[in-house]
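# Structure assessment
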Amino acid sequence: MKHPFSRLFGFGEKDVTDFEEEKDVKEEILHIPVDEIVPNPFQPRTVFSEDKIDELAQTIRTHGIIQPIVVRKTDERYEIIAGERRWRAVKKLGWMEIPAIVKNYNDKETASIALIENLQREELSAIEEAVAYAKLIELHQLTQEALAQRLGKGQSTIANKLRLLKLPKEVQEALLNKSITERHARALIPLKDHELQIKLLNEIIEKQLNVKQTEDRVVKMLDQKEEKQKPKRKAFSRDTRIALNTIRKSLTMVAETGVKIDSKEEEFENYIQLTIKIPK
């Protein structure tokens with residue numbers, strides 16, 4: 001059965017297997033030593049729940065592996081394309097071998113399949129999902145809009161996820177570890193300044209701020225930042241004020257005689273410039 005994304009991402013009829021739904025697997029199933037298998041470097045998932053792996057291990061112990069993992073041959077080892085959680089569970093059980101199907105994929109195909117397969121499971125964190133989108137865009141030279149169309153998602157969904165990758169590493173790790181929610185992280189984006197974002201991140205975690213409280217703090221911090229950036233008006237000395245008032249009075253007196261005077265005052269850092277135009 002052809003994977004639903006094979007046409008959309010330019011694979012041939014046999015390039016992608018629907019790993020979870022295809023039941024009549026005709027490829028040869030080999031029993032490969034667990035120690036000869038390594039994880040997929042293109043795997044978007046960076047955090048594996050040990051509790052979930054333990055649960056899967058118990059299920060495999062009871063029922064065995066219903067669906068073999070998919071790997072490709074690289075030098076003297078096999079690299080996982082799909083099924084890393086099953087492989088990790090089998091390692092926990094201490095099994096020596098695991099059933100697997102060997103595919104002949106290049107790096108681009110391997111990366112694309114791993115990314116798409118994980119995205120369709122909808123178990124990735126927001127950061128892992130964002131990284132997966134970014135890698136697919138890079139691999140296939142796509143725009144955000146084109147990727148959204150191929151994945152059947154809204155462009156705003158893709159854009160909002162990708163914006164998370166502009167946040168500092170500390171915020172991304174907090175999101176990855178579920179110390180904050182995606183909405184918390186997105187609320188930090190308008191601050192732009194990494195130091196301010198990290199400062200507020202610590203405040204969110206320490207004070208357990210909800211999203212609304214976080215958004216209110218962002219508004220307050222932006223107002224404070226804008227206030228600091230406003231140029232401060234330099235105070236005039238007494239002599240300067242007297243000089244300015246004298247000139248202004250003089251101009252008023254001249255104007256009262258009927259002479260149309262064009263005057264302009266400009267304030268600079270260290271001086272005040274007066275331009276006076278008197279018609280001939």
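Notes on the structure in this doc start here. Bear in mind the structure is a predicted one, so any value in this text is a computation, not a measurement.

Definitions and limits used
- Residues numbered from 1 in each chain as written.
- Predicted model: local features only at pLDDT ≥ 70, side-chain atom pairs only at ≥ 80, totals over all residues.
- Heavy atoms only, no water.
- Patch = residues over 30% accessible without salt bridge, like charges linked within 9 Å, V, L, I, M, F, W, Y side chains within 5 Å.
- Areas by Shrake-Rupley, 256 points an atom, 1.4 Å probe, with all protein chains shown as cover.
- Salt bridge = Lys/Arg side-chain N within 4 Å of Asp/Glu carboxyl O.
- Helix = DSSP H or I, 4+ residues; strand = E, 2+ residues; numbered from the N terminus.
- Buried < 20%, exposed > 50% of the residue type's maximum accessible area, 1.4 Å probe, protein only.
- Pairing = 2+ DSSP bridges.
- Phe/Tyr/Trp six-rings, centres within 6.5 Å; stacked < 30°, edge-to-face > 60°.
- Lys NZ or Arg CZ within 6 Å of the ring centre and 35° of its normal.
- Axes fitted to C-alpha atoms, helices over the stretch in contact; angles between N-to-C directions.
- Parallel < 35°, antiparallel > 145°, perpendicular 65-115°, else oblique.
- Contact = heavy atoms within 4.5 Å.

Take a nonpolar patch on the surface next. On the surface, I247, V254, V259, I276 and I278 cluster together to form a nonpolar patch covering roughly 370 Å² of accessible area. Checked against the element boundaries, I278 lands in the segment after strand 7 (272-277).

The next point concerns the pairing of strand 4 (residues 77-82). For strand 4, a buried count of five out of six residues is recorded, marking the element as mostly surrounded by other parts of the structure. Hairpin connection of strand 3 (residues 69-74) to strand 4: two residues between the antiparallel strands, including D75 at a positive phi of 55 degrees.

How two aromatic rings sit relative to each other is given by the distance of their centres and the angle of their planes. Enumeration over the complete set of coordinates arrives at zero aromatic pairs. Sitting over the face of the ring of Y78, K73 holds its NZ or CZ atom 5.1 Å from the ring centroid.

Two elements in contact, helix 4 (residues 126-140) and helix 6 (residues 155-163), have axes separated by 8 Å at closest approach and are oriented at 110 degrees. For the element pair helix 4 / helix 6, the angle class is roughly perpendicular. Contacts from A126, E129, A130, Y133, A134 and I137 of helix 4 reach helix 6 at I158, K161 and L162.

The tally for this structure, following the rule as stated, stands at eleven salt bridges. In this structure, E265 and R248 form a salt bridge, with 2.8 Å as the shortest nitrogen-oxygen distance. Remark: R248 occurs in helix 11 (residues 238-256) and E265 occurs in strand 6 (residues 262-267); sequence separation between them is 17 residues. A relative accessible area of 39% places E265 in the partly exposed class. The exposure class of R248 is partly exposed, given its relative accessible area of 35%.

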